[in-house]
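Geometric and topological summary
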Amino acid sequence: MTEDFREATSGPVTEEFWEATRRRLLVVQRCLACGRRQHYPRWLCTACGGTELEYAPVSGLGVVDSFTVVHRAPAPGFEPPYTVARVRLAEGPILLTHLVGDTDWTCDLPVRVAWQPLPDGRHLPVFRPARDWPRAPGR
Amino acid sequence: MTGVAIAGAAESDLGITGESVLTLQAQAVTRALADAGLVLSDVDGLATCGVSRFSATQVADYLGLRPVWTESTFAGGCAFEMYVARAAQAIEAGQCRTVVISYASNQRSARSRSLAGVVEEHTPEALFEAPYGPLYPFSYYAMAAQRYMHVFGVKREALAEVAVAARDWALLNPKAYRYGSAPLTVRDVLSAPMVSSPLTTADACLVTDGGGAVVLTSLERARDLRRAPVRVLGYGECVTNTSMAAADDLTVTGAVHSGAAAFARAGLVPGDVDVAQIYDSFTITVLLTLEGLGFCGAGEAGDFVAGGRTGPGGAFPVNTSGGGLSYNHPGQYGLLLLVEAVRQLRGECGDRQVPGAEVALAHGTGGILSAHATVLLGVDR
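Residues numbered from 1 in each chain as written. Chains lettered and ligands numbered in written order. Predicted model: local features only at pLDDT ≥ 70, side-chain atom pairs only at ≥ 80, totals over all residues.

Comments concerning the overall build of chain B
The helix and strand inventory of chain B stands at 14 helices and 11 strands. Against the compact-globule benchmark of 21 Å for 381 residues, chain B has a radius of gyration of 19 Å, which places it among compact chains. With the principal axes as the frame, chain B shows a C-alpha extent of 55 × 45 × 40 Å. Expressed as a percentage of its 381 residues, the buried residues of chain B come to 61%. In chain B, the proportion of contacts linking residues at least 24 apart, taken out of those at least 6 apart, comes to 76%. (Helix = DSSP H or I, 4+ residues; strand = E, 2+ residues; numbered from the N terminus. Rg over C-alpha atoms; globule rule 2.2 N^0.38 Å. Buried ≥ 20, exposed ≤ 12 C-beta atoms within 10 Å, placed from the backbone. Contact = placed C-beta atoms within 7 Å.)

So, the overall build of chain A
When helices and strands are counted, chain A shows 1 helix and 8 strands. In chain A, which comprises 139 residues, the proportion classed as buried is 31%.

Points about the sheet that holds strand S1 (residues 27-31) of chain A
Residue and element names in this part refer to chain A. The strand order across the open sheet formed by 3 strands is S2-S1-S3, and the pairing between neighbours is antiparallel. Bordering the open sheet on either side are strand S2 (37-38) and strand S3 (53-57), each of which pairs with just one other strand. Both S1 and S2 contribute to a ladder of 2 bridges, which runs antiparallel. When the sheet's bridge partners are listed, Arg30 is paired in S2 with Arg37. (Pairing = 2+ DSSP bridges.)

Describing the domain arrangement of chain B
Residues and elements named next belong to chain B. Domain annotation for chain B reports domain 1 (4-112 + 209-231) and domain 2 (132-205 + 234-379). Computed over C-alpha atoms only, the centres of domain 1 and domain 2 are separated by 23 Å. Counting residues at the interface gives 32 residues for domain 1 and 36 residues for domain 2. Of all elements in the fold, only strand S1 (4-11), helix H3 (79-93), strand S4 (99-105), strand S7 (210-218) and strand S8 (230-239) reach the threshold of two or more residues within the side of domain 1 that touches domain 2. When residues of the side of domain 1 that touches domain 2 are assigned to their parent elements, the largest contribution, 7 residues, is made by H3. Partitioned by chemical class, the residues of the side of domain 1 that touches domain 2 number 18 nonpolar, 9 polar and 5 charged. (Domains from an automatic or database assignment. Nonpolar A, V, L, I, M, F, W, Y, C, P; charged D, E, K, R; others polar.)

Description of the interface of chain A and chain B
The interface of chain A with chain B comprises 29 residues on the first partner and 25 residues on the second. Residue assignment for the side of chain A that touches chain B shows that the elements contributing at least two residues are strand S4 (61-70), strand S5 (82-89) and strand S6 (94-99) of chain A. Top element by residues in the side of chain A that touches chain B is S4(A). It accounts for 6 residues. Looking at the side of chain A that touches chain B, its residues break down into 16 nonpolar, 10 polar and 3 charged.

What about the UniProt feature "domain: Thiolase C-terminal" (unreviewed entry) in chain B?
This chain's UniProt record puts "domain: Thiolase C-terminal" (unreviewed entry) on residues 236-378 of chain B. Helix and strand shares over residues 236-378 of chain B are 31% and 17% respectively, and the end C-alpha atoms of the span are 16 Å apart. (UniProt positions renumbered as here; feature names shortened; annotations may be inferred.)

Regarding the sheet that holds S8(B)
Residues and elements named next belong to chain B. With respect to topology, 9 strands assemble into an open sheet ordered S3-S2-S4-S7-S1-S8-S11-S10-S9, the strand pairing being mixed. The sheet is open, and its two edges are formed by strand S3 (69-71) and strand S9 (275-278), each paired on a single side. Averaged over neighbouring strand pairs, the angle between their axes works out to 25 degrees when direction is ignored. The strands touched by helix H1 (residues 21-36) within the sheet are S1, S4 and S7, with S1 carrying the most contacts at an inclination of about 130 degrees. (Axes fitted to C-alpha atoms, helices over the stretch in contact; angles between N-to-C directions.)

Quick word on the UniProt feature "domain: ChsH2 C-terminal OB-fold" (unreviewed entry) in chain A
If you check UniProt for "domain: ChsH2 C-terminal OB-fold" (unreviewed entry), the listed places come out as residues 57-116 of chain A in our numbering. Span residues 57-116 of chain A is 0% helix and 53% strand, its end C-alpha atoms 18 Å apart.

Some words on the packing of H1(B) against helix H2 (residues 55-63) of chain B
Residues and elements named next belong to chain B. Interaxial distance between H1 and H2 falls to 10 Å at its minimum, and their mutual angle equals 75 degrees. Between H1 and H2, the angle is such that the two are roughly perpendicular. Contacts between H1 and H2 involve Leu22, Gln25, Ala26 and Val29 on the former and, on the latter, Val59, Tyr62 and Leu63. Classifying every residue of the contact of H1 with H2 by side-chain character gives 6 nonpolar, 1 polar and no charged. (Parallel < 35°, antiparallel > 145°, perpendicular 65-115°, else oblique.)

Points about the nonpolar core
All names here are of chain B. Judged by nonpolar contacts, the single largest core of 157 residues is most densely connected at Ile101, Leu216, Leu338 and Leu377. Inspection of this core shows a minimum of three residues originating in each of domain 1 (4-112 + 209-231) and domain 2 (132-205 + 234-379). If near-sequence neighbours (up to four positions away) are discounted, Leu377 is found in contact with Ile6, Val230, Arg231, Val232, Leu233, Ala341, Val342, Leu345, Ala360 and Ala362. (Core = buried A, V, L, I, M, F, W, Y, C linked by C-beta atoms within 7 Å.)

Side note on helix H1 (residues 12-21) of chain A
Those residues of H1(A) that fall on the buried side of the exposure criterion are A:Phe17, A:Trp18 and A:Thr21. Across the axial projection of H1(A), the buried residues extend over an arc of 90 degrees, all falling on one side. (Arc of directions from axis to C-beta.)

A few points about the confidence of the model for chain B
For chain B, per-residue confidence averages 97 on the pLDDT scale, and 100% of positions sit at 70 or higher. Across the interface, the model reports ipTM at 0.95; the global pTM reads 0.96. (pLDDT = per-residue confidence, 0-100.)

Thoughts on unusual backbone geometry
Note: most peptide bonds trans; most residues except glycine with negative phi. Residue A:Pro81 is reached from A:Pro80 by a cis peptide bond, and omega for that bond is 0 degrees. As for its position among the elements, A:Pro81 is in the loop between S4 and S5. Despite not being glycine, B:Arg111 has its phi angle at roughly 50 degrees, a positive value. Topologically, B:Arg111 is positioned in the loop between helix H4 (107-110) and helix H5 (124-128). B:Arg111 gets classed as exposed once you count the C-beta atoms within 10 Å, which come to 9.

As for the packing of helix H6 (residues 138-152) of chain B against helix H11 (residues 283-293) of chain B
The relative placement of two packed helices comes down to the angle between their axes together with the axis-to-axis distance. Residues and elements named next belong to chain B. One can describe the packing of H6 onto H11 by two numbers: an axis separation of 9 Å at closest approach and a directional angle of 55 degrees. By the angle between their axes, H6 is oblique relative to H11. H11 is crossed by H6, and the crossing has left-handed handedness. Packed against H6, whose contacting residues are Tyr141, Ala144, Ala145 and Tyr148, the element H11 presents Ile284, Thr285, Leu287 and Leu288 at the interface. Residue composition of the contact of H6 with H11, grouped by class: 7 nonpolar, 1 polar and no charged. (Left-handed = near helix turned anticlockwise from the far one by under 90°.)

See below:
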């Protein structure tokens, strides 16, 4: 993980996402008009065009849509190998993220959010295996 | 169908040139005009990108032109297939008469290519994706390949077949960067250094200098010029995403829409295509595009390319120059797809000529499966 990643907020629309990570809370935008969730955060809802959106916590559960083990560093500060992935949240939106933990990764594997500290107190959401999901009762 | 034709086509110097971008641009433009039997002063329309912020104006200035129509849509590798559509429209509308579409890069000589790509600080991708260090565009295509193999049960070897066929074609093209090298095997591709799993260096296109240009004018006028006209039969495009998280399904690309539009405009179907030039930034790009364009069904491209079917002597010739994988890839490869398509339709390809080719397809892809544009070209019958 790069130590240079500090300027992760760029205005009111995206700030709340990153502020929530200080409390290890994953929040995703929800449209107040149509209920659709979306990520990355935007000033409008791409489903209905609505402009009233809120940040709402999500379960932190999802599945691996796809992944790739990166073997070369794109920039100073990255230390390959690491696993970049698209995770499809249980609530719908897809996040680009990292997979962590010693697992033989495959697509569609259930995962749960974990948090990697950033130097300024915020956290980067990453995902680890969640073998108790989605089959566990009560979910 | 359109009433517009490609009257000239040429490459700049290729490979490792030590030249500037504008020198390579000037080579490409002047050679394509000479091919058409035209001169610089005939040019009143210019489409190009990848030079500077004012790309078309910059090239016009360098060539001493004052065009009355320019176009610089930036859409990565498929920009030039888009320019063919715009140029055909502009010529048919009477805004200009002779359009040059050009491109050049000295990325190999200048060592200007980065594994991280270009991260623009003000974009959502810089904020939400760059922190995870994906290789751009490599890691996105790797994830597409991973998902594709998972969903359809396609074997890793099927991807490698694309690189093997490209190399076999390149061995027949003296202009190819890999001309004179050894044939590639599936085993070579799989055992090459892993970059972003499951893709190795051999699944990825070359990084070379290179460029090219094509000259468009009305079909009627093209019939009086030096070369047999190559007709612009159809075109279509679709842009889909910049974010790596935007696509709901990594295995379905904008080629579905660009291809359908191009075939509809031309009044043709995939079975009418004699030779296809399909953007091969990565091996997976070709498989997804073949399916998107309708040459085979979802998950069937592995079988479609198996056993050298798209290689020399195969039933469906693809990337007859050797492609971005083994011929040349100057960062945005789409212009060179058009050059090879034109040459195949003119029967100029020597050892790699597809006999009797009358309909050619050129399909460009830009970014991370971000932008797609299809052009159908045909001989003047």
